[in-house]
Amino acid sequence: MYNLDKTPPPYYGESNNHYTSGSTSVQTASSAMRLVYVKMTIGLLVTALVSLFSASSTEYMNFLATNSWFYWGLFIAEIAIVFFLSARVTKMSSMAATLLFYLFATLNGLALAPIFLVYTATSIAKTFFICSGTFGAMSIYGYFTTRDLTKWGNFLFYALIGLIIASVVNIFTHSSGLDWIISIAGVVIFVGLTAWDTQNVKRMAEYAPANMVGHIATIGALSLYLDFINLFLYLLRFFGSSRD
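A short tour of the structure in this document, coming up. Each residue is numbered by its place in its chain's sequence as written, counting from 1. Only residues with pLDDT of 70 or above have their local features reported here, since the model is predicted, and side-chain atom pairs are shown and tallied only from 80 upward, although totals for entire chains, interfaces and linings are computed over all residues. Think of the side-chain values as coming from all heavy atoms in the structure, minus any hydrogens and water.

## Examining the overall build of the chain
A tally of helices and strands in the chain yields 10 helices and 0 strands. Burial classes follow relative accessibility: with a 1.4 Å probe on protein chains only, a residue under 20% of its type's maximum area counts as buried, one over 50% as exposed, and anything between as partly exposed. Within the chain, buried positions represent 44% of all 244 residues. We call two residues in contact whenever any of their non-hydrogen atoms come within 4.5 Å of each other. Taking the intrachain contacts of the chain between residues at least 6 apart in sequence as the baseline, contacts between residues at least 24 apart amount to 85%. Where accessible areas are quoted, they stem from the Shrake-Rupley method and a 1.4 Å probe; at the residue level, only the protein chains shown are allowed to cover. For the chain, the accessible area works out to roughly 12900 Å², and carbon and sulfur atoms hold 69% of it. The helix count covers DSSP runs of H or I at least four residues long, the strand count covers runs of E at least two residues long, and both are numbered beginning at the N terminus.

In structure tokens:
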């Protein structure tokens, strides 16, 4: 999902007009970012509603508990959508890309349903508001800062790979100490990625033709949606209260 090439994509159009008209690029970036946040918010709502509905269904939760293959199927399908959308978004219609993003949000809602059985609704809501405030602050910083966050992106990308490897190792070791380190690292990494992804999406919008705004908004919404969900899940480890 996180591209190693952090430089803005070239502009394939009337480059002289694009680079001499600063207000045009700013307006394009502003329109794209508004659309990014709208799509991301709708995606989060879809995930929340699907997750709540699924958690309230005894039949679904029993099916999920007794058929682990289905959970892994959801996980594999989500990864496939992320890679497919990242690679093919410019070759799809804006509507198709958006619908694929909402399909991803739906599948993620089905996968996240068990958290409502593990944690209390109050602690989930509290964590959501903490996550929203943290995410919002870092996204605002990423949007308005004049500092180039490219080095952040490079470092955080490799840190994310390390986090994934450590999480896989801990599946077998069941180390509470390593789990604590993973949780702290996860929060730090996704806080940073929120700022970097915001700046990166804004930068792509500034360099892209106007007819690509919808596509950029979809891939940007997906990136920030993933940052929000992962940040929420790691914060839930600290602020979530078990039902037991």
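## Considering helix α7 (residues 121-144)
Any helix carries an expected span of 1.5 Å times its number of residues minus one. Spanning 24 residues, α7 covers 34 Å between terminal C-alpha atoms, matching the ideal 34 Å at 1.5 Å per step. Taken together, the buried positions of α7 are S123, I124, T127, C131, F135, M138, S139, G142 and Y143.

## Quick notes on the nonpolar core
In this text, buried Ala, Val, Leu, Ile, Met, Phe, Trp, Tyr and Cys residues form a nonpolar core when linked through side-chain atoms within 4.5 Å. Core analysis: the biggest nonpolar cluster contains 68 residues, and L85, F190, L222, Y225 and L231 have the highest contact counts within it. Element by element, the count of residues in this core is highest for helix α10 (residues 213-239), at 16 residues. Ignoring any residue separated from it by four or fewer positions in sequence, one finds Y225 in contact with M40, G43, L44, T47, F101, F104, A105 and N108.

## Looking at the side chain of S54
As for its position among the elements, S54 is in helix α2 (residues 22-55). S54 gets classed as buried once you look at its relative accessible area, which sits at 4%. Discounting chain neighbours no more than four positions away, the residues touching S54 are Y60, M61, L110 and A113.

## Quick look at unusual backbone geometry
Look at H174: it is not a glycine, yet its phi comes out positive at around 55°. Within the element layout of this structure, H174 appears in the loop between α8 (150-173) and α9 (176-207). Using a relative accessible area of 64% as the deciding quantity, one classes H174 as exposed.

## Side note on a nonpolar patch on the surface
The patch calculation keeps residues exceeding 30% relative accessible area without a salt bridge and links them within 9 Å when they carry like charges or within 5 Å when they are nonpolar (Val, Leu, Ile, Met, Phe, Trp, Tyr). A side-chain nitrogen of Lys or Arg and a carboxyl oxygen of Asp or Glu constitute a salt bridge if their distance falls within 4 Å. Together, W72, F75, I76, I79 and F83 make up an exposed nonpolar region whose accessible area comes to about 560 Å². Tracing the sequence through the fold places I79 in helix α4 (residues 68-88). Of the residues examined, I79 reaches a relative accessible area of 34% and is grouped as partly exposed.

## Section: the packing of α9 against α10
Think of each axis as a best-fit line through the C-alpha atoms, taken over the contacting stretch in the case of a helix, with angles from 0 to 180 degrees between the N-to-C directions. Two elements in contact, α9 and α10, have axes separated by 9 Å at closest approach and are oriented at 160°. It follows from the interaxial angle that α9 and α10 lie roughly antiparallel. Here α9 and α10 pass one another in a crossing that is left-handed. Split into classes, the residues belonging to the contact of α9 with α10 amount to 18 nonpolar, 7 polar and 4 charged. For classification, angles of less than 35 degrees are called roughly parallel, those exceeding 145 degrees roughly antiparallel, those between 65 and 115 degrees roughly perpendicular, and all remaining angles oblique. Helix crossings fall into two classes, left-handed where the near helix is turned counterclockwise from the far one by less than a right angle and right-handed where it is turned clockwise. Amino acids are sorted into nonpolar (Ala, Val, Leu, Ile, Met, Phe, Trp, Tyr, Cys and Pro), charged (Asp, Glu, Lys and Arg) and polar (every other residue, Gly among them).

## Let's talk about the layout of surface pockets
Points on a 1 Å grid, built from protein atoms alone, make a cavity when a 1.4 Å probe fits but cannot get out and make a pocket when they are open with protein on both sides within 12 Å along at least 5 of 7 lines; residues with an atom within 4 Å of a point are the lining residues. Grid points are joined across faces, edges and corners, and a volume is the space filled by probe spheres set on the points. Roughly 1700 Å³ of volume is contained in the largest pocket. Every residue lining the largest pocket is counted, 37 residues in all, and those nearest its centre are F75, I164, N230, L233 and Y234. Contributions of two or more residues to the lining of the largest pocket are made by α4, α5 (94-112), α6 (115-118), α8, α9 and α10. In terms of residue count, the dominant contributor to the lining of the largest pocket is α8 (9 residues).

## Some thoughts on the packing of helix α3 (residues 58-66) against α4
Their axes nearest at 5 Å, the elements α3 and α4 cross at an angle of 95°. Relative to α4, the element α3 is oriented roughly perpendicular. For the pair formed by α3 and α4, the contact residues are Y60, F63, L64 and T66 on the first element and S68, W69, F70, Y71 and L74 on the second. Broken down by class, the residue content of the contact of α3 with α4 amounts to 7 nonpolar, 2 polar and no charged.

## As for the environment of V187
Tracing the chain through its elements places V187 in helix α9. Separated by 43 residues in sequence, V187 and N230 place their C-alpha atoms 8.2 Å apart. Discounting chain neighbours no more than four positions away, the residues touching V187 are L231, Y234, L235 and F238.

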